[in-house]
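Below are the chains, spelled out letter by letter.
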Amino acid sequence: MANSPQKLLLTGAAGFLGQALLKKFHAHYDMAAVINRTEIDDPPDGVEIVRTDLSEKKAVNELVRTQEPDIIVNTAAWVDVDGCESDRKRALKSNFSIVENLINAIKDSRIYFIQLSTDYIFNGVDHPANVDDGPAPLNYYGRTKLMAEEYITDNYARYLIARTCALFGMPNRGQTNLINYFYDSLKAGKEVQAPEDMYANPIWVENLAELLLEAIQKGYKGMLHLGGKDYLSRYEFARIFARIFGFDKDLVKPIAAIYHKRPARRPRYAGLNVEQTHEKLDIPLLSADEALSAIHDRMK
Ligand SMILES: NC(=O)c1ccc[n+]([C@@H]2O[C@H](COP(=O)([O-])OP(=O)(O)OC[C@H]3O[C@@H](n4cnc5c(N)ncnc54)[C@H](OP(=O)(O)O)[C@@H]3O)[C@@H](O)[C@H]2O)c1
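Thresholds, definitions, all that
- Residues numbered from 1 in each chain as written.
- Predicted model: local features only at pLDDT ≥ 70, side-chain atom pairs only at ≥ 80, totals over all residues.
- Heavy atoms only, no water.
- Helix = DSSP H or I, 4+ residues; strand = E, 2+ residues; numbered from the N terminus.
- Rg over C-alpha atoms; globule rule 2.2 N^0.38 Å.
- Buried < 20%, exposed > 50% of the residue type's maximum accessible area, 1.4 Å probe, protein only.
- Contact = heavy atoms within 4.5 Å.
- Pairing = 2+ DSSP bridges.
- Axes fitted to C-alpha atoms, helices over the stretch in contact; angles between N-to-C directions.
- Expected span 1.5 Å × (residues − 1).
- Bend = angle between axes of the 7 residues up to and from the residue.
- Domains from an automatic or database assignment.
- Buried area = accessible area lost by both parts, 1.4 Å probe.
- Salt bridge = Lys/Arg side-chain N within 4 Å of Asp/Glu carboxyl O.
- Polar contact = N/O pair within 3.5 Å; in protein donor to acceptor, adjacent residues only side chain to side chain.
- Near = heavy atom within 4 Å.
- Areas by Shrake-Rupley, 256 points an atom, 1.4 Å probe, with all protein chains shown as cover.
- Nonpolar A, V, L, I, M, F, W, Y, C, P; charged D, E, K, R; others polar.

1. Quick word on the overall build of the protein chain
The helix and strand tally for the protein chain stands at 10 helices and 13 strands. Computed over its C-alpha atoms, the radius of gyration of the protein chain comes to 19 Å, within 12% of the 19 Å expected for a compact globule of 300 residues. Principal-axis analysis of the C-alpha atoms places the extent of the protein chain at approximately 55 × 40 × 40 Å. Here the protein chain holds 300 residues, and 51% of them are scored as buried. Of the contacts made within the protein chain by residues no fewer than 6 positions apart, 75% connect residues no fewer than 24 positions apart.

2. As for the sheet that holds strand S6 (residues 159–164)
Sheet architecture is open: seven strands sit in the order S3-S2-S1-S4-S5-S6-S11, paired in parallel fashion. Two strands close off the open sheet at either side, each with one partner strand: strand S3 (48–51) and strand S11 (222–226). Across the sheet, the axes of successive neighbouring strands diverge by a mean angle of 20°, strand direction being ignored. The pairing of S6 with S11 spans five bridges and is classified as parallel. Paired with Ile 161 across the bridge in S11 is Met 223. Strand contacts of helix H7 (residues 205–217): strand S4 (71–74), strand S5 (112–118), S6 and S11, with the helix running at about 145° to S5, the strand carrying the most contacts.

3. Description of helix H4 (residues 88–106)
Taking 1.5 Å as the rise per residue, H4 with 19 residues should run 27 Å; its terminal C-alpha atoms sit 26 Å apart, in good agreement. Of all the bends found along H4, the most pronounced is centred on Phe 96 and spans about 35°. Taken together, the buried positions of H4 are occupied by Ala 91, Ser 94, Asn 95, Phe 96, Ser 97, Ile 98, Val 99, Asn 101, Leu 102, Ile 103 and Ile 106. In the core, the buried residues of H4 are packed alongside helix H2 (57–67), S4, helix H3 (81–86), S5 and helix H5 (140–155).

4. Points about the domain arrangement of the protein chain
According to the domain assignment, the protein chain contains domain 1 (7–167 + 202–226) and domain 2 (168–201 + 230–270 + 287–299). Inter-centroid distance (C-alpha atoms) of domain 1 to domain 2 is 25 Å. Contacts between domain 1 and domain 2 engage 28 residues on the former and 28 residues on the latter. Taken over both partners, the interface formed by domain 1 and domain 2 buries close to 2300 Å², and the fraction arising from carbon and sulfur atoms is 56%. Of all residues in domain 1, the largest losses of buried area upon contact with domain 2 belong to Asp 82, Pro 202 and Trp 204, amounting jointly to 30% of the total for that side. Taken together, the connections running from domain 1 to domain 2 amount to four salt bridges. In this structure, Asp 82 and Arg 262 form a salt bridge, with 3.8 Å as the shortest nitrogen-oxygen distance. There are 11 residue pairs in polar contact (both at pLDDT 80 or more) connecting domain 1 and domain 2. Here the side of domain 1 that touches domain 2 gets three residues from one element, more than from any other, and that element is H3.

5. Regarding the site of the ligand
Inspection of the region around the ligand gives 26 residues, with Leu 17, Arg 37, Thr 38, Tyr 141 and Lys 145 positioned closest. Here an oxygen atom of the ligand sits 2.8 Å away from a polar atom, N or O, in the main chain of Thr 38. A distance of 3.4 Å is found between an oxygen atom of the ligand and a backbone nitrogen or oxygen belonging to Leu 116. A total of 890 Å² of accessible area belongs to the ligand in isolation, and the protein chains cover 85% of it. Those elements giving two or more residues to the shell around the ligand turn out to be helix H1 (16–25), S5 and H5. Ranked by the residues each element gives to the shell around the ligand, the list is headed by S5, at three residues. Along the lines of polarity and charge, the residues of the shell around the ligand split into 13 nonpolar, 10 polar and three charged.

6. Section: the pattern of salt bridges
Evaluation of the coordinates by the stated rule reveals 13 salt bridges. Among the ionic pairs, Asp 42 bridges to Arg 173, the shortest N-O distance being 3.0 Å. In this pair, Asp 42 is assigned in the loop between strand S2 (30–35) and S3 and Arg 173 in the loop between strand S7 (167–168) and helix H6 (178–187), connecting sequence segments 131 residues apart. No difference in accessibility class separates Asp 42 from Arg 173, as the two residues are exposed. Ionic pairing is found between Asp 289 and Arg 243, a salt bridge with its closest N-O pair at 2.8 Å. Of this pair, Asp 289 sits in helix H10 (residues 288–299) while Arg 243 sits in helix H8 (residues 234–244), placing them 46 residues apart in sequence. Within this structure, Asp 82, Arg 262 and Arg 266 form a network of salt bridges that share partners.

7. Details of the environment of Pro 44
The topology assignment puts Pro 44 in the loop between S2 and S3. Taking the C-alpha atoms as reference, Pro 44 lies 7.1 Å from Lys 23; in sequence the two are 21 residues apart. In contact with Pro 44, other than residues within four places in its own chain, are Leu 22 and His 26.

Put into structure tokens, the structure is as follows:
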């Protein structure tokens, strides 16, 4: 008789990454998807949807008790970097308390816990971050994500912290992101301004979902950097987008990041060194060209 699939509890399941993970993972696991206020676009058959505010300790204890997961993948967070700067209470609740509650709920178990983290725990002064670099967040979002990392490493053993950076892909229904902004603007013949002094290795959300699936199936523990293959500026990324989608590249205008006046500071050389990741995982990290071409093909 075949073994029954493991039970995987996915939080933040209606989010940008959450919905991509749900699509990729549901064929491999018995899944429960935790949502808060936002609904999932088209939940796959057989996935149980559970509405829980994960910042509520009692609700998290009850969730873990009733679901009895083998694996928890926590993507729930508040990723509005400027919002986190001005509403620090909400940032702490969303990015730290959720993790604190989950870890306390599972501390005596053997549940495999996967936390999504960010390159913004580093200062990105002069290079993309190595796995062992010392953290030094420039903004409050990064600080709260770092607090979550530290809580996990101090209090739980069976974890994987997957740091990622600059996700891109087609947005979920009713959402706006860089991809549909570039598409709509360039299609209308409008200029797009993109910083030429902010670097990262952007990763296609579907590539990230495949990589995470492989890492989880291999039971990989510790820290893992999951970024795209190419390290490039926002300006270079926008130019590649224009070329692949057949728009006029000259509509993409370079701008200095300083002109994007924002409440939260951002690292200049953000992103993640992914050399070790190439060695650990078989799924290839895609280049911006490869990923954007795949997105373009889908839209044809
Ligand atoms: N997006 C990026 O470029 C990027 C880069 C680096 C790292 N990451 C990390 O990747 C992860 C996923 O990011 P994302 O872009 O997919 O974020 P997202 O689209 O904003 O999704 C986050 C989800 O978390 C849920 N959530 C927030 N507070 C909650 C609560 N109290 N209880 C239950 N659910 C709650 C939200 O649900 P509601 O909206 O319904 O409250 C939302 O669906 C995060 O950990 C983030 O730090 C993202």
